[in-house]
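# Structural characterization, general
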Amino acid sequence: MTHDQMLAHLRAANTEALNALQEGHMPFGALLIAPDKETVLLRQGNIDTVRHAENELARRASKLYEEDFLWDCTLVTTIEPCAMCAATQYWAHIGRLVYGASEEALKSMTGNHPDNPTMSLPCRAVFEAGQKDIQIHGPFEELNDEILEPHKTCWSYETSQLVYPPGLLSKSNFR
């Protein structure tokens, strides 16, 4: 996949993240790209604190496609996958990952907030603990601001509390 293709897919994943935000969820988005490096097979926005975009997409993909096919596919996601999502990608046999902003960049926005207890465990460490050679591309600094922008409205502080965007019903929607 070329650099330009990765950027285009990351922007499309960010559109999924913005759609998730409009639906009252946290702004995380993911795509599954076919072996041709162009065709979008699946799209997924974040659902809640356990049903992350990457996790849901990888689970769906593993039910729809054969392992050999998935090994030649790419999971594209706005933010570096957490340990749970990286492990799900690993077990789903998706052979490549492209992510826009690092988990560390997100954590710098959220701090040590109880609604986003980010683990300091890069996805590379999760994949390196396994036996599969998953290709990883990211972060893409040139998209950092664009991808993190929707998170600014979700992780604003007022008296140590999260400020929920309009339409967000409960903090159970948060990652």
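So, how was this worked out
- Residues numbered from 1 in each chain as written.
- Predicted model: local features only at pLDDT ≥ 70, side-chain atom pairs only at ≥ 80, totals over all residues.
- Heavy atoms only, no water.
- Salt bridge = Lys/Arg side-chain N within 4 Å of Asp/Glu carboxyl O.
- Helix = DSSP H or I, 4+ residues; strand = E, 2+ residues; numbered from the N terminus.
- Buried < 20%, exposed > 50% of the residue type's maximum accessible area, 1.4 Å probe, protein only.
- Pairing = 2+ DSSP bridges.
- Patch = residues over 30% accessible without salt bridge, like charges linked within 9 Å, V, L, I, M, F, W, Y side chains within 5 Å.
- Areas by Shrake-Rupley, 256 points an atom, 1.4 Å probe, with all protein chains shown as cover.
- Lys, Arg positive; Asp, Glu negative; His and termini not counted.
- Charge placed at Lys NZ, Arg CZ, Asp CG, Glu CD.
- Expected span 1.5 Å × (residues − 1).
- Contact = heavy atoms within 4.5 Å.
- pLDDT = per-residue confidence, 0-100.
- Disulfide = S-S within 2.5 Å.
- Core = buried A, V, L, I, M, F, W, Y, C linked by side-chain atoms within 4.5 Å.

Our next topic: the pattern of salt bridges. For the structure shown, the criterion picks out four salt bridges. Residues Arg-43 and Glu-16 are paired through a salt bridge, measuring 3.6 Å at the closest nitrogen-oxygen approach. With Arg-43 in strand S2 (residues 40–45) and Glu-16 in helix H1 (residues 3–22), this residue pair connects regions lying 27 residues apart in the sequence. Among the residues examined, Arg-43 registers a relative accessible area of 43% and is labelled partly exposed. For Glu-16, a relative accessible area of 14% translates into the label buried.

It is worth spelling out the pairing of strand S1 (residues 29–33) at this point. The element S1 is largely enclosed, with a buried count of five among its five residues. Residues Gly-29, Leu-31 and Ile-33 line one face of S1 and the alternating positions Ala-30 and Leu-32 line the opposite face, and both faces are buried. Where S1 meets S2, five bridges bridge the pair, whose relative direction is antiparallel. Paired with Leu-31 across the strands is Arg-43, a residue of S2. Linkage of S1 to S2, two consecutive antiparallel strands, is achieved through a turn of six residues, within which Lys-37 is found at a positive phi near 70°. Across four bridges, S1 lies against strand S3 (residues 74–79) in antiparallel orientation. The partner of Leu-31 across the bridge, within S3, is Val-76.

Attention now goes to a negative patch on the surface. Negative charge collects at one region of the surface, where Glu-66, Glu-67, Asp-68 and Asp-72 lie side by side. Relative to the elements of secondary structure, Asp-68 occurs in helix H3 (residues 67–71).

Its twelve residues place the ends of helix H2 (residues 53–64) 17 Å apart at the C-alpha level, agreeing with the 16 Å of an ideal helix rising 1.5 Å per residue. When we look at burial in H2, the residues that qualify are Ala-53, Glu-54, Asn-55, Glu-56, Leu-57, Ala-58 and Ala-61. Summarising the contacts, the buried residues of H2 are in contact with S1, S2, H3, S3 and helix H4 (83–92).

As a further point, take the side chain of Glu-56. Looking at where Glu-56 falls in the secondary structure, it is placed in helix H2. Classification of Glu-56 by relative accessible area gives buried; the value is 12%. Setting aside anything within four residues of it in sequence, one finds Glu-56 in contact with Gln-44, Ile-47 and Arg-51.

Below, the discussion takes up the confidence of the model for the protein chain. Taken residue by residue, the protein chain gives an average pLDDT of 88. The fraction at 70 or more is 86%. Per-residue pLDDT stays below 50 along residues 157–175; that stretch engages in 61 contacts with residues further than four places along the chain or on separate chains.

Position of Ala-17 among the secondary structure elements: in helix H1. Its relative accessible area of 0% is what places Ala-17 among the buried residues. Other than its neighbours up to four places away in sequence, Ala-17 contacts Pro-27, Phe-28, Gly-29 and Thr-78.

The next thing to look at is the state of the cysteines. For the coordinates displayed, the defined rule picks out zero disulfides. No disulfide involves Cys-85; its sulfur sits 3.7 Å from that of Cys-82, the nearest cysteine.

Turning our attention to the nonpolar core. Leu-32, Val-76, Ile-79, Ile-94, Leu-97, Cys-123 and Phe-127 are the most contacted members of the largest nonpolar core, which has 43 residues in total. Ranked by residues supplied to this core, first place goes to H1 with five residues. Here Leu-97 is in contact with Thr-74, Leu-75, Thr-77, Pro-81, Gln-89, Cys-123, Phe-127, Gln-135, Ile-136 and His-137, once residues within four sequence places are set aside.

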